[in-house]
Every structure is written in structure tokens, then in C-alpha cells.
Amino acid sequence: MTKIKQLKKLLDKSGNVFESEAQLSKASFELAVALGWLNSSINPVTARLSFVGLTKKGLKLYQNKIRKQLDIAEWVEIAFTLAYLESFEALVQKNDWLKVKISEMVSYQELFYKYKNLNNYPDICKESNQLREETQHEIKQWQDKIKNAVTKIERINYNHELIQEALTNFSESPLGSALTNLLSIYLEQTKLDIYILSIITGWVTWETQKLVKSLLCDEQENFAAQAKLYIIAAQESKINKKFESIESYLTEHICTGDGDSWQVFDKVKIPDIYIPLKCHLLNSNGKKKEHVQSVDLNTWVFEQLTDPNRNNQVIFIQAESGRGKTVFCKMFASWLQEHLHPIYTPILIRLQDIDTFDIDVENILRMAIKEDFVQHHDDWLTNCHTRFLFILDGFDELRLKGKNSGSIEKFIREIGNYQEECQTRTNLGHRFLITGKKSALHSIEEFMPNNLERVEIALMDNRLQEQWLNKWGKLVGQDKAKAFKDFLQLENCPHIWKLSREPLSLHLLAVMHRDGKLVSKMFEGVSSSVRAKILIYQTILNSVLIQVQENNYSLSNKLNINDLRRILTEAGLCAIQSGREIVSITMIEERLKGSAINKKLDKAGWRLSENFLDNAIVYNLQLIPDSETNAGYIKFVHKSFSEFLYAKRLAESLRKWTQVNLFSKDQQPLITDNQLTEEVYDLLYYSGLTPEIVEYLIALLDYDCNQINLIDTLFKRLKHFYTYWCKGRFINAYPQNFPQNKILHTKALSFSGLREIDIYTGLNVMILLSELYRYAQVQDALKDKIIFYPCGQKDSDYFEDDLFFCIISYSNSIDAHTFLDTLGYFLNNAQLSGAQLSNVNLSSVQFRSANLSDVNFSDANLSFADLSGANLSSTDLSNANLSNANLSNANLDGANLSNANLSNANLSNANLSNAKLNHAKLTYTDLRSANLYAASCYEVNFSGATLCSATLNYARFKGANCNHTDFSCADLTNTNFTNAQNLTTQQVKAASNWDKAEYSPEFLQAITNSNEIE
């Protein structure tokens, strides 16, 4: 280090070349002292020093002094040593977490001065002397290690071979290794684990090489040419290529930029309008933790990442559509890259973009990340210099792309296992963050890994909304922002106020208000939030159509506004059926073949792909021309708009199905049964309607002026289709086979096979029938006319008790979870009385307020199912798995629950009178205020259960395990506790009428003894 020492002497004579804008970190200061660059007499706390531009200034200072061009050996020694210092300090100043860790550490250098001063006080206590001696011994060992490390650097011979290694592969060169060793010794004082230290030193060496490379470009041409000879003679390091590839990925895909992916609408960028969100902490069952306030989402995730005790946890962020999941992923990844990289390097993966699904975690990561550092480096996951945070956005999108929950269940379980492995293996330290809708988990709740840390994004509160409005005011003017705020608070728009708590809806409302398209009169009489949202999207759709017409006058002469609306609704249909946000115009043209629109275009000699697009972003839609293929695409900025357009397209067809031919004698349907069947398979063949689409659809049908007749006729026609579908009439038909026709007339299906098309079409029709039935139940004119009995009405000639079981079995021939994935969310209020459903898997099914009386559920899996308010009277649930199920307010009068597993279930306010619970497992079950009148509970395990305020009159608890069971305020009149196990006098005395219960003689004596003591 002779040149560094000479440079230091020059510094002492020539004055300070340091910047004085920031305080130097302790580690950088001590490192610079050891390398001979700074005097140890300088106080690093009070001195305002910075290493910004240190290398360039040092080289210039030395060269000016010697007044000649440095030779390559001198240049390498000075440049790499100073660049190493500068790169490390730059990393510390950039990385907030590392900066805190270093500022909190008590360095050996500080201890050395502290205990050196204590030598002046020999009379201090014995304990202090002993601590001083032990610490001084540690300091001596540390100083020896530092001295040895510095000696190695001083002995480096800057010959031809070393110069070549340093310029081409600094990290593995003797100089790079020696500097890394010295830095590692200093960083040991932070008490960070060796894996993190390896990440830090790895990136410092890479940044050093990058900085030196940029400095070479500034040197004189003859000197740069001389250095390049060394570089050309050796092959560039594979390590350098890896780091360069990672940096390139971060720059192109993670850093905030000007690309379309950072635009919201109307060229507004996400960072300009983004407000940090809050979240609710959830328990292992996905329920909000009681008495716990919402927390800042960004802070919570950061704490999860930096807490070493949580390295085995998978972070899962759930929220409904439009709450800001995807935007959070983009903003957090960008923030992480700026403030925590390389401790964690963010990798953002949109699960929607994965075409080939694999349950193996490493395979799916390799397929999703196309960068060089993944594709050409087999050790990219085990390399000691990198640690990634994999952000998997849109878990629910895997379902929409035709992936079944069997493979999805295995995938998320594999992620859980892989995360556990990352904690135990020091060369893996990666973390996973997953986002998605809660509904994406509804059929696999029981299979969720134990190491899943779940939160739910909360609605914006007043404070967050105020922050958002302030940002909006900076874009459009504070006056307009104030006017928009006043609009949101109007009393005649309560549903708008609710929608404004969702980030997506708030921004749409703001843009519409800015453009004068949002007035309070629009929402007068609006009865629900979904109706308000439909009005918003209708207004947006009209704006899109007007802009398309204005931007293309010649097109508007050929196609009217209804034609353009049809084109966009077909685009929405294509987006939903394909599971993609981008739809090619050629796909839309394929669907429009034979239509009036197609005939108009043919007559004019036009194609949509050549005349429809102008690369405009209009609210929620982007029109993208493609100069190479001359085709182009329509991109939906947010999925909710494509869902609305699809629902609108579906509603149009459903209305046509109810129309009659007024010119026929008996007013036959305008659409024949065969035509209807063909259209049903065309519109509903894909893997499942979402709750959002169904909600839009029902609301759109409710707008019809003749909705009562429309719903009645539509239900009858779909019920007719359902009956034939159950009998296999369509898939077995010859020669006209509608599922087969769908395959022949569609070039790009998201899946193939007659069976898949037939199953998904039938299940989607069942969803529509179920939703029409639910709608009818709140309409006086329809509630007695429209009732959907999937098995037929009990005791009627058309009742088939095993039909629902057959549908489940047929559906699950695709995959064991197909039925639940598709229909499980839509079975609330279902009429299944008398059905035979033994041994079925209905885990996490939604059966709220369903009529399930006399159903045979023996040996069925109903874990995590929602059966709240359901009628289960006289139902056979023997040996059924009901763990974690919600049975609150359910009617289980006379039900057979013998040997059933009800652990952790919610049976609060349930009616269990005369029920048979013999040998059942009710550990930690919630039975608050439940009615167990005359229930048979022989040898039931009530360990940890809560029966406070329950009615237990005449209930039989013989041999029951009552360990830590809560009977407070329960009515024990004539309750039989003979031979009850682990029952205490304190438990029964906390109840009401405990003295009127029946006990074994030994327990009665215990009660008597306790009374005497009292």
C-alpha cells in the first residue's frame, strides 16, 4: 500500500479532498484508518466526511503531484483500494438497514479507547477490572487480525498477473480477496451472520469493479488502451456477468421509471399518486386478530424481512380486487431495491404471466425469470453473494389460467417447505411474498402451510385518503382536489364514499371528476356499491368509445358507437376466458366472424387491427398498435374493467335468451334451444365465473325494466339446460356435439378436451342458477316461483338424492378440487335437503343459510366450511371432519355428530338440541350461547372448549373430557356430568344452576368439601 500512504501524505500537505455533506460510517472510517487513508486522531462522530468521488479525486491528486501519467500498477493500487472504500461507504449510505446496524455496533476501536482511558483509574471495582481485562484480550485478538489482514494487502505484488486479475475478476483476485478479508473482520463487529456478510462483501467487490471500469473511460486514450489489453487477454468473469445481469434486471423491471407499467391512467405515474397502505393482521385461520389495530403494510413487511426469527415465514397479503395489491408489489420492490438491496434483492413475478405451471418452486422461478443470472447460472439460488425476495403477485390468477387447486395446493405447500429450507440452509436465505384474493384459498384452507404469515389490506382511512387528495391536488390543482373531496362527502352518495376507500375506485372517481364526467345526480337512488361501480364503468366505457371515435374519424363513419361497444365487450370476454390482461385484435376479429360488424368492415375493405388502435391509455384501457405484425392489442390496465365488460357481454346474451318471436303463433323463443346451448358453451366453457363477474351480472340484469319476467324466463331456460347437462345429453350427442363444436371453432383455448369444456360449462350454469335463485328470494314476485334444487325437490318424482354427488365426482375427474374451485364459493342458500353426500370433500365450501336437512354427510370433509345459519336438522354428520368450520347460528337439531371432528369450530348460538355428539372431538370449540338441550355428549372431548352462556339442560356429559372447558354462565339444569373427566368444582360453580345438575358421588363430595372451605 505504498502508493496509498504516499497519497495520504499528499493529502495532509494539500488539504482535504473530502466532501462534507454526510457523516462517514464507523466501519468505513476504521477501514480507511487501517488502509492508511485517514488519521486515527480524527473523531468520526464530529467530523463531517464523505467518500463520494473519493477515487477520482485521489487519482487526480496523486497524478498532479508527480506530474506524469501513472503507470498501470500505480493506477490499479490506488484506484481499486479507494474504489473499495468508496463502494462500501456508498452501500452503507444507501442501505437504511445496514446503516442502522453499523451505527448501533460498538466497535473494538471504540472499546480500545474506552478501556485505555480506564487505566487512569486503578481503584475501580473488581468486576470492572475483570471485564476490562477480558475485553482488552478480545481487542488484542481483533487488532492482531486487523494487522495480519493489512500486512497481506501491503505485501501484494502488483505484477502483470495481478493487474490482469484485478481488472477482469476483482472479486477473486488477491487484491479483492485481501480487501474483502479486511472488511469482513470489521463487519464481524455488527454481529450479523456470515451469510449477510458474504452478501455485503460480494456486492462491494462488484461495485468496486464497476466503479473502476467507469474511471478507466475517463483516462487518457493511450492509458485506457493499455488497460484494455489486460482485459481483452482474459475472459470476463462469470461472476461479473451475474452481478451485471442482476443490476440490469433491477434497472429495467424494478426501479421506478417512465414505462407504461408505471402509469395508472392518463399518464399519471404510480409514485405520483401512491399512498402507503395499512393492513389487518390475520390469525392462522385467515380471520382478523381481535383488539389489534391496523398497521402500515410497508413497515410490517420490512419488519418481517429483517427479523431473523421470521426467516421461515411465507408472507401472504390478501385483498379484494382494486385494493392495491399489484401496485404495492411494484412500489415495495422499488423501495426495497433502493433501501435494502443487496441484503434482499427484489424479484417481481406476475403469476398471470406464467404459461407453464410446475409445482417445483425452483422450476417455476426459472421459467418466470428470463434473465441471464438465472438462465446461465446453475448456482443462482445457492450463491453466497445473493439473497432474493420473490414477490409472487396474483395467486388467484393461477386459477383463472386453468390451473387446478390440486397443483396449486401442492405449489403453495412447496413454497412453505422451501421457505423452511431457506432458514435451515445458510446458502439459501431467500424469502417469499405472495399476494392474492382471499377467495383463491377457499378450497385449500386446510392444506395451507403452517408458516404462512397473513395480512389483509385495509380500506383507506380518513388520514390516508387526505394524503391521497393532497397528492392529487399537486397533479390537478388544489381547487379541483378540494371540489372532489366535497363531492365525496355529499349525503346523497353514500356508496361513492364507500368506493372511495378503495385505491382503484378512488383514482377512477378522481379522473372522472376532473374531466367533468362525475356529477352527484348520477348516483341518486343507487341502492348498492356494485350499482355505483357499474355507473362508473359505464361512464368510463362511454368515454373510451367517444375517444376512439374522435381519434379515428374514418373508422367512426364505418362503425357506430354500439359496434365499438360490442368490440370492447368481446375484448373483455377474451381477456377473462384466456386469463390475460392483453388481448390480440385478431382474437377479437375471430369472434366477430359472421357478425354485422364484420360485414361492415369487409364491405369497406378494412381490418380492425389496421384502423382501431392509436396507443392511447383511456382510463382503464390501453390500445397498443404492433408495427411488426400489423395486428395490435388491447390491454386492460386493471382486471376489474375486463370483468365488467365480460359481465356486460354475458348480460346481453342472457337477455336475448329470454326474448320471444312476436310473430310466431305460440311466441316461441327468439333463440332456439340449440342456439342457446351453442351460445352457453361459447360463453361459459372456461374455468369458473368469479364473484365479481357474477355480482356485476346480476346487477346489470336488475337494471332491466322488465326484470321479473326476464329472471323468471332465464331461470327456466338455464334450468332446462342444466337438466340435460346432468344427463350427459350434450357431450354424448351425435352428430351435433356442442362441446366438440367449441373446440373446432376456437383456435386458442386455455385448455383442451371435451370433458373440461363440458364440466366447466355445466358448473358455470349452476353458478348462474344459484345466483338467480338468491336474487329471486328477495323479490316478492319471484321468491315462490324460483327455487333451485340441484337434486330436484325432495319427495318429488324428479328427486335424485345422489345427483349432486355425481356432479362432484364428474367435476373432480379433471382434478380432485375442480368442483370446489369452481362452485364452492357459490353454494350459499343451496337447497340440498335429503342429498347423499357421504365421503365427499367439501373443505372450505360456502354453505351459509343453506338447507341441508336430512343430508348424509357421514365421513365427509367439511373442514373450514362456512355453514353459518345453515339448516342441518336431522343431518348425518357422523365421522365428518368439521374442524375450523363456521357453524354459528346453524340449526343442528337432532343431527348425528357422533365421532365427528369439530375442533376449533365455531358453534356459537348454534341449535344442537337433541343432537348426538357421542365420542366427538370438540377441543377448543366455540359453543358460546349454543343450545345443547338434551344433547347426547357421551365421552366427548371438550378440552379447551368454550360453553359460556350455553343452554345445557338435560344434556348428557357422561364420561366427557372437560379439561379447561369454560362453563361460565351456562345453564346446567338437569345436566348429567356422571363420570365426567377433568371437571373441577370451580368450572361448574362458574355456571348457572350448577346445583341442579347430576354428578358422580365423588364429585358431589368434592363440591361439599369446597362449600365447607368457603
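Conventions we followed
Per chain, the residues get numbers from 1 upward, laid out in the order the sequence is written. Whole-chain, interface and lining totals are the exception, using all residues; otherwise, since this is a predicted model, local features are given only for residues with pLDDT of at least 70 and side-chain atom pairs are given and counted only at 80 or more. Only hydrogens and water are removed before side-chain values are computed, so all heavy atoms of the structure are retained for them. Labels follow the DSSP assignment, with helices taken as runs of H or I lasting at least four residues and strands as runs of E lasting at least two, numbered in each case from the N terminus. Residue contacts are defined here by distance: any two heavy atoms, one from each residue, within 4.5 Å place the two residues in contact. Here, Shrake-Rupley sampling with a 1.4 Å probe gives the accessible areas, and only protein chains in the shown set may cover a residue. Computed over the protein atoms alone on a 1 Å grid, cavities are sets of points where a 1.4 Å probe fits but cannot get out and pockets are open sets with protein on both sides within 12 Å along at least five of seven lines; a residue lines them when it has an atom within 4 Å of a point. Grid points are joined across faces, edges and corners, and a volume is the space filled by probe spheres set on the points. Pairing of aromatic rings covers Phe, Tyr and Trp, the last through its six-membered ring, and needs centres within 6.5 Å; plane angles under 30 degrees mean stacked, over 60 mean edge-to-face, and all others mean tilted. Relative accessible area decides the class of each residue, using a 1.4 Å probe on protein chains only: under 20% of the type maximum gives buried, over 50% gives exposed, and in between gives partly exposed. Paired strands, in this sense, are two strands between which DSSP finds at least two bridges. Think of a nonpolar core as a cluster: buried Ala, Val, Leu, Ile, Met, Phe, Trp, Tyr and Cys residues, connected wherever their side-chain atoms sit within 4.5 Å. Only a pair of cysteine sulfur atoms within 2.5 Å qualifies as a disulfide here. We call two N or O atoms a polar contact when they sit within 3.5 Å, provided that within protein one can donate a hydrogen and the other can accept it, with sequence-adjacent residues counted only if both atoms are side-chain atoms. Think of a salt bridge as a Lys or Arg side-chain nitrogen and an Asp or Glu carboxyl oxygen that are within 4 Å of each other. A patch consists of residues whose relative accessible area exceeds 30% and which take part in no salt bridge; residues with like charges are grouped when within 9 Å of each other, and nonpolar side chains (Val, Leu, Ile, Met, Phe, Trp, Tyr) when within 5 Å. Only the stretch in contact is used when a helix axis is fitted, and all axes are lines through C-alpha atoms; the angle between N-to-C directions ranges over 0 to 180 degrees. The sense of a crossing depends on the near helix, which, turned anticlockwise from the far helix by less than a right angle, makes the crossing left-handed and, turned clockwise, makes it right-handed. Each residue receives one of three labels: charged for Asp, Glu, Lys and Arg, nonpolar for Ala, Val, Leu, Ile, Met, Phe, Trp, Tyr, Cys and Pro, and polar for the others, Gly being one of them. Our angle categories are set so that under 35 degrees counts as roughly parallel, over 145 as roughly antiparallel, 65 to 115 as roughly perpendicular, and the remainder as oblique.

Per an unreviewed UniProt entry, the chain goes by NACHT N-terminal Helical domain-containing protein and derives from Dulcicalothrix desertica PCC 7102.

This part covers the overall build of the chain. Across its full length, the chain carries 39 helices and 11 strands. Contacts spanning at least 24 positions in sequence make up 57% of the contacts within the chain whose residues lie at least 6 apart. Counting only carbon and sulfur atoms, one obtains 47% of the accessible surface of the chain, whose full area is about 43,600 Å².

Further remarks concern empty space enclosed by the protein. In the structure shown here, the tally under the stated rule is two cavities of 30 Å³ or more. Counted as a void, the second largest cavity has a volume near 70 Å³. Around the second largest cavity, the lining is made up of 14 residues, and of these Ser770, Phe788, Pro790, Leu827 and Ala830 lie nearest the centre.

Moving on, we come to the packing of aromatic side chains. Any two aromatic rings considered together are summarised by their centre-to-centre distance and by the angle between their planes. Within the structure shown, the criterion is met by 42 aromatic pairs. Geometrically, the ring pair formed by Phe957 and Phe977 is tilted, given 5.2 Å between the ring centres and 45 degrees between the ring planes. In this pair, Phe957 sits in the loop between α37 (818-823) and α38 (985-989) while Phe977 sits in the loop between α37 and α38, placing the two residues 20 residues apart along the sequence. By the burial criterion, Phe957 is buried, and Phe977 matches it.

Residues Cys279 and Leu281 point to one face of strand β1 (residues 278-281) and are all buried, whereas Lys278 and His280, pointing to the other face, are not buried. Bridge count for β1 against strand β2 (residues 295-296) is two bridges, and the pairing is antiparallel. Its bridge partner being in β2, Lys278 is matched across the sheet by Asp296.

This brings us to the nonpolar core. Counting residues in hydrophobic clusters, the biggest one holds 306 residues, and the most contacted among them are Phe395, Phe847, Phe857 and Phe957. Setting aside residues no more than four positions away along its own chain, Phe857 makes contact with Leu837, Ser838, Leu842, Phe847, Leu852, Leu862, Leu872, Thr875, Asp876, Leu877, Ser878 and Ala880.

What follows is about the state of the cysteines. All chains considered together, the criterion is met by zero disulfides. Not part of a disulfide, Cys969 finds its nearest cysteine sulfur in Cys948, a span of 7.3 Å. When its relative accessible area of 51% is taken as the criterion, Cys969 is described as exposed.

The subject of this paragraph is the side chain of His339. Position of His339 relative to the elements: it lies in helix α15 (residues 325-339). The class for His339 is buried, based on a relative accessible area of 18%. Side-chain polar atoms of His339 contact the side chain of Asp96, separated by 2.8 Å. Apart from residues no more than four positions distant in its own chain, His339 is found in contact with Lys94, Asn95, Asp96 and Trp97.

Among the structural elements, Asn312 can be located in the loop between α14 (297-306) and β3 (314-318). Those residues within four positions of Asn312 in sequence are excluded, and the remaining contacts are Gln419, Glu420, Gln423 and Asn451.

Across the sheet, which stays open at both edges, the seven strands sit in the order β2-β1-β7-β3-β6-β5-β4 with mixed pairing between neighbours. Each edge of the open sheet carries a strand with a single partner, namely β2 and β4 (345-350). Where β3 and strand β6 (residues 431-436) come together, four bridges link them in parallel fashion. Across the sheet, Phe316 pairs through a bridge with Ile434, a residue of β6.

On to the pattern of salt bridges. Following the criterion strictly, the structure yields 31 salt bridges and no others. Of the charged contacts in the structure, one is a salt bridge between Glu581 and Arg350, with a shortest N-O distance of 3.0 Å. Of this pair, Glu581 sits in the loop between α26 (561-578) and β8 (582-584) while Arg350 is found in strand β4, placing the two residues 231 residues apart along the sequence. In this structure Glu581 comes out as buried when scored by relative accessible area, which is 16%. Where Glu643 meets Lys437, a salt bridge forms, and the shortest distance between an N and an O atom there is 3.8 Å. Here Lys437 lies in the loop between β6 and β7 (452-457) and Glu643 lies in helix α30 (residues 639-658), a separation of 206 residues in the sequence. Glu643 sits in the buried class, given a relative accessible area of 1%. In this structure Lys437 comes out as buried when scored by relative accessible area, which is 5%. One salt-bridge network, held together by shared partners, links Arg566, Glu570, Arg591, Arg649, Asp682 and Lys742.

One can find Gln304 in helix α14. Taking the C-alpha atoms as reference points, Gln304 and Ile315, 11 residues apart in sequence, are found 8.0 Å from one another. Non-local contacts of Gln304, meaning those with residues more than four positions away in its chain, are made with Arg310, Ile315, Arg431 and Glu453.

In this fold, Gln478 is placed in helix α21 (residues 478-488). Its relative accessible area of 42% is what places Gln478 among the partly exposed residues. Dropping the residues within four chain positions of it, Gln478 is found in contact with Asn470 and Gly473.

Turning to unusual backbone geometry, a few remarks are in order. Between His341 and Pro342 the backbone carries a cis peptide bond, its omega angle lying at 10 degrees. Positionally, Pro342 belongs in the loop between α15 and β4. A positive phi angle, close to 70 degrees, is found at Asp795, a residue other than glycine. Structurally, Asp795 can be placed in the loop between α35 (754-776) and α36 (803-811).

With that settled, consider a nonpolar patch on the surface. A cluster of nonpolar residues, Val660, Leu662 and Phe663, forms a patch on the protein surface that exposes about 380 Å² of accessible area. With respect to the helices, strands and loops of the structure, Val660 is situated in the loop between α30 and α31 (673-684). Val660 sits in the partly exposed class, given a relative accessible area of 34%.

This part covers the packing of helix α33 (residues 707-726) against α35. At a minimum axis distance of 10 Å, the contact between α33 and α35 shows a crossing angle of 145 degrees. Both α33 and α35 take part in a crossing whose hand is left-handed. Of the residues in α35, those touching α33 at Gln707, Ile711, Leu714, Phe715, Leu718, Lys719, Phe721, Tyr722 and Trp725 are Asp758, Ile759, Thr761, Gly762, Leu763, Val765, Met766, Leu768, Leu769, Leu772 and Tyr775. A per-class count over the contact of α33 with α35 returns 15 nonpolar, three polar and two charged.

Let's shift gears to the pairing of strand β5 (residues 388-393). Taken across its six residues, β5 has six buried, putting it largely inside the fold. Residue alternation in β5 divides its side chains into two sets, Phe388, Phe390 and Leu392 and Leu389, Ile391 and Asp393, and both sets are buried. Bridge count for β4 against β5 is six bridges, and the pairing is parallel. Paired with Pro346 across the bridge in β5 is Leu389. Two elements, β5 and β6, share four bridges in a ladder whose sense is parallel. Paired with Phe390 across the bridge in β6 is Phe432.

Moving on to the packing of helix α3 (residues 54-66) against helix α4 (residues 72-94). In contact at an axis separation of 8 Å, α3 and α4 are set at 150 degrees when each is read in the N-to-C sense. Overall, the two elements α3 and α4 adopt an arrangement that is roughly antiparallel. Along this stretch, α3 crosses α4, giving a crossing that reads as right-handed. Across the interface between the two elements, Leu54, Thr55, Gly58, Leu59 and Tyr62 from α3 touch Glu74, Trp75, Ile78, Ala79, Leu82, Ala83, Leu85 and Glu86 from α4.

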